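Listed here are the chains, written in short residue letters.
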Amino acid sequence: MDLIASHITHRFGDLAVLDDVSFTVSAGEVVAIVGPSGCGKSTLLSILGGLLQPTSGAPELRGAPPADSLNPLTFVFQDFALLPWATVEENVEFPLLHTQLSAAQRRALVEDALRRTGLADFRQTYPKQLSGGMRQRVGISRALAVKPAILLMDEPLSALDSQTRELLLEDFIRLLADGGMGAVYVTHNLEEAARLADRIVVLSRRPGRIREVVTVPMTRAARGEAAAREKLLALQNQIWSLIRNEAIDAEREVQHA
Amino acid sequence: MLDRAATDTAKNEATRPVRFRGAGFEPASSRYGGWIALALVIAIWQAAGSAGLVNALFLPTPSAIVRAIYQLAVSGALWQHVSASLLRIGVGWLLGTAAGIAVGFAIGLSRLARSVGITFISALFPIPKIALLPLLILWLGIGEEPKIATIALGVFFSTAISVYSGVDAVPRNLIRMAQSFNVPFATIVRKVIWPGALPAILAGFRITASVALLLVVSAEMIGAQYGIGAFVLQAGNLMQTDQLLAGVVILSVFGLAVGKVIGWLEMRLLHWR
């Protein structure tokens, strides 16, 4: 199943946020969206996932989702969006409750998702008892439970400290390794984009337009090797040079606002 | 290098501790402090009364009040008055709470209900509900109904306000999360909005319990044969201040008991906080 952004334009009142953004995320592909602060990255993701109606243009799907997918487009949120009154297990089961699945089927899906994210020993724990990294693991576990075709990830690591970020980034790389699941990964962190994405969509300052789409010229597996480090760094510098001046302007604008 | 040089110069001077400035602003209540203070006040009160320093007609001693409560209990009058008040509070509070929760949720979830409901609530909430009792007597007769309706009205407005404030306070990101998983509206209300609003709803219960107590006493003072309010008024008219204060103590115990029940509910239902 492909996800297509088709001429998406969005305004919040008088404020133009996105201007004619079009790109396609093919099945199993990981596309990162980067750009200066306030360029509409998160707005674009909300539109792609059907949580926000664009002013014009539309998000579209092409092809059938995998037969076992319960929620083809599944979000992983920056602030985790966990139910604080529910245990880890209940949080992961939450999106399955309204489905036609039997209790045993639900249990099996929850079990599998908890195991894949290393949460099996924390099933009875409440979110407030967990560290930020573990909370985001619950968010990822909940997303995996519904067997998504495409993960919509809205700066999923930005609320975490750098060590936790590194650990979870490795988890993402592992989860996306087999190409069974695609992702749209919104981030302001160019390293995350370079290490995870097949392609990087670079947006301009508000109103966000596509400045460039950069293809990362190596497999994700190869990026872990020492030899790849220099190439990835060069790629990050290339993207940074595209957005640096606009990032400075955007920062000043925010400070004056 | 510069640092080392500075340290060396200062080495021969006497040291002094950095003054601790972080004390206070952390009030922690001690477990028995309040009870000890209460016992102390009662003891002083009793001693002053026994020594004849206070006229028993104006302020009877605690022992006289306890005696009055005991006599009321033995004669069966206590239960008669307490049960009459409890029935009015119970029915009035339940009706007001049920209606308040329903209207509060409607205002929290529907645009139409919000625009209509908030206008009405803003206009009617400030009216002291006891002022409506004569009108309610005219409408509903002189039985239990107008008293119950007064309590229900008082409870309704506070409940509706705390419920819709609670619904408004449910983090929108949790609702968006549920929507992103195609969770149906009713399940979002039941599994996200209800538990999210529960802290505000339970906090509202504390307020409505005291509103109900206030209104039952007021209503019973205006027109009732039985009930704690009627009893207190009657005792006052007859200058039976020990009986009067017995009624006040019973009200205080009732208020404390309700507080404890709500505290227990909060502990059970909001343990995740």
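Residues numbered from 1 in each chain as written. Chains lettered and ligands numbered in written order. Predicted model: local features only at pLDDT ≥ 70, side-chain atom pairs only at ≥ 80, totals over all residues.

(A) Representation of the overall build of chain B. In terms of regular secondary structure, chain B is built from 11 helices and 0 strands. Taken from the N to the C terminus, the helices and strands of chain B come in the order α-α-α-α-α-α-α-α-α-α-α. Relative to the compact-globule value of 19 Å for 273 residues, chain B shows a C-alpha radius of gyration of 27 Å, a clear excess of over 25%. Here the analysis covers contacts within chain B between residues at least 6 apart in sequence; of these, 70% occur between residues at least 24 apart. (Helix = DSSP H or I, 4+ residues; strand = E, 2+ residues; numbered from the N terminus. Rg over C-alpha atoms; globule rule 2.2 N^0.38 Å. Contact = placed C-beta atoms within 7 Å.)

(B) The nonpolar core, seen in detail. If you look at the biggest cluster of nonpolar residues, it comprises 122 residues, and the most contacted ones within it are Ala32(A), Val184(A), Tyr185(A) and Ala212(B). For this core, the element with the most residues is helix H9 (residues 185–222) of chain B, which contributes 14 residues. With residues near it in sequence (within four places) discarded, Ala212(B) still touches Ile89(B), Gly92(B), Trp93(B), Ile151(B), Gly154(B) and Val155(B). (Core = buried A, V, L, I, M, F, W, Y, C linked by C-beta atoms within 7 Å. Buried ≥ 20, exposed ≤ 12 C-beta atoms within 10 Å, placed from the backbone.)

(C) Seen up close, the sheet that holds strand S4 (residues 56–62) of chain A. All names here are of chain A. Taken together, 3 strands build an open sheet; the order of strands is S2-S1-S4 and the sheet is antiparallel. Each of the sheet's edge strands pairs with one partner strand only, and the pair in question is strand S2 (15–25) and S4. In this sheet, adjacent strand axes meet at a mean angle of 10 degrees when their direction is disregarded. Here 7 bridges tie strand S1 (residues 2–12) to S2, and the two strands are oriented antiparallel to one another. Each residue of the ladder has a partner; that of Phe-12, found in S2, is Leu-15. Each of S1, S2 and S4 is contacted by helix H1 (residues 41–48), which is oriented at about 125 degrees to S1, the strand it contacts most. (Pairing = 2+ DSSP bridges. Axes fitted to C-alpha atoms, helices over the stretch in contact; angles between N-to-C directions.)

(D) Examining the packing of helix H7 (residues 145–169) of chain B against H9(B) more closely. All names here are of chain B. Running from amino to carboxyl end, H7 crosses H9 at an angle of 160 degrees, the nearest separation of the two axes being 8 Å. The orientation of H7 relative to H9 falls into the category roughly antiparallel. Note on packing geometry: the crossing formed by H7 with H9 is right-handed. (Parallel < 35°, antiparallel > 145°, perpendicular 65-115°, else oblique. Left-handed = near helix turned anticlockwise from the far one by under 90°.)

(E) Main features of the sheet that holds strand S8 (residues 199–203) of chain A. Residue and element names in this part refer to chain A. The strand order across the open sheet formed by 6 strands is S5-S6-S7-S3-S8-S9, and the pairing between neighbours is mixed. Both outer strands of the open sheet, strand S5 (73–76) and strand S9 (210–215), are each paired with one neighbouring strand and no more. The average undirected angle you get between the axes of adjacent strands in this sheet is 20 degrees. Strand direction decides the pairing type here: strand S3 (residues 30–34) and S8, joined by 4 bridges, are parallel. Note on S8: the bridge partner recorded for Val-34 is Val-202. Seen against the sheet, H1 touches S3, strand S6 (150–154), strand S7 (182–186) and S8 and runs at an angle of roughly 150 degrees to S7.

(F) Seen up close, the pairing of S6(A). Residue and element names in this part refer to chain A. Burial analysis of S6 places 5 of its 5 residues in the buried class, the great majority of the element. Side chains Ile-150, Leu-152 and Asp-154 project from S6 onto one buried face, and the interleaved Leu-151 and Met-153 project onto a second face that is buried too. Sheet analysis places S6 next to S7, joined by 5 bridges and oriented parallel. Paired with Ile-150 across the two strands is Gly-182, which belongs to S7. Taken together, S6, helix H5 (residues 162–175) and S7 form a β-α-β motif whose crossover is right-handed. (Right-handed = clockwise from strand over helix to strand, strands pointing away.)

(G) Local environment of the packing of helix H8 (residues 172–180) of chain B against H9(B). All names here are of chain B. Relative orientation of the contacting elements H8 and H9 amounts to 170 degrees, with a least axis distance of 11 Å. Taken together, the axes of H8 and H9 are roughly antiparallel relative to one another. The element H8 and its partner H9 pack so that their crossing is right-handed. Between H8, through Leu-174, Ile-175 and Ala-178, and H9, the contact on the second element is made entirely by Ile-188, Val-192 and Gly-196. A per-class count over the contact of H8 with H9 returns 5 nonpolar, 1 polar and no charged. (Nonpolar A, V, L, I, M, F, W, Y, C, P; charged D, E, K, R; others polar.)

(H) Representation of unusual backbone geometry within the structure. All names here are of chain A. A cis amide bond links Arg-206 with the next residue in sequence, Pro-207, at an omega value of -5 degrees. In this model, Phe-80 sits at a positive phi of 75 degrees, which is unusual for a non-glycine residue. Secondary-structure assignment places Phe-80 in the loop between S5 and helix H2 (88–93). Residue classification places Phe-80 among the buried positions, given that 23 C-beta atoms sit within 10 Å. The phi torsion at Glu-155 lies on the positive side, around 40 degrees, for a residue other than glycine. Along the chain, Glu-155 turns up in the loop between S6 and H5.

(I) Spatial organisation of the environment of Arg88(B). Residue and element names in this part refer to chain B. Its location among the elements puts Arg-88 in helix H4 (residues 77–109). Arg-88 gets classed as buried once you count the C-beta atoms within 10 Å, which come to 26. Along the sequence, Arg-88 and Ala-152 sit 64 residues apart, while their C-alpha atoms lie 9.4 Å from each other. Setting aside anything within four residues of it in sequence, one finds Arg-88 in contact with Glu-144, Lys-147, Ile-148, Ile-151, Val-216 and Gly-227.

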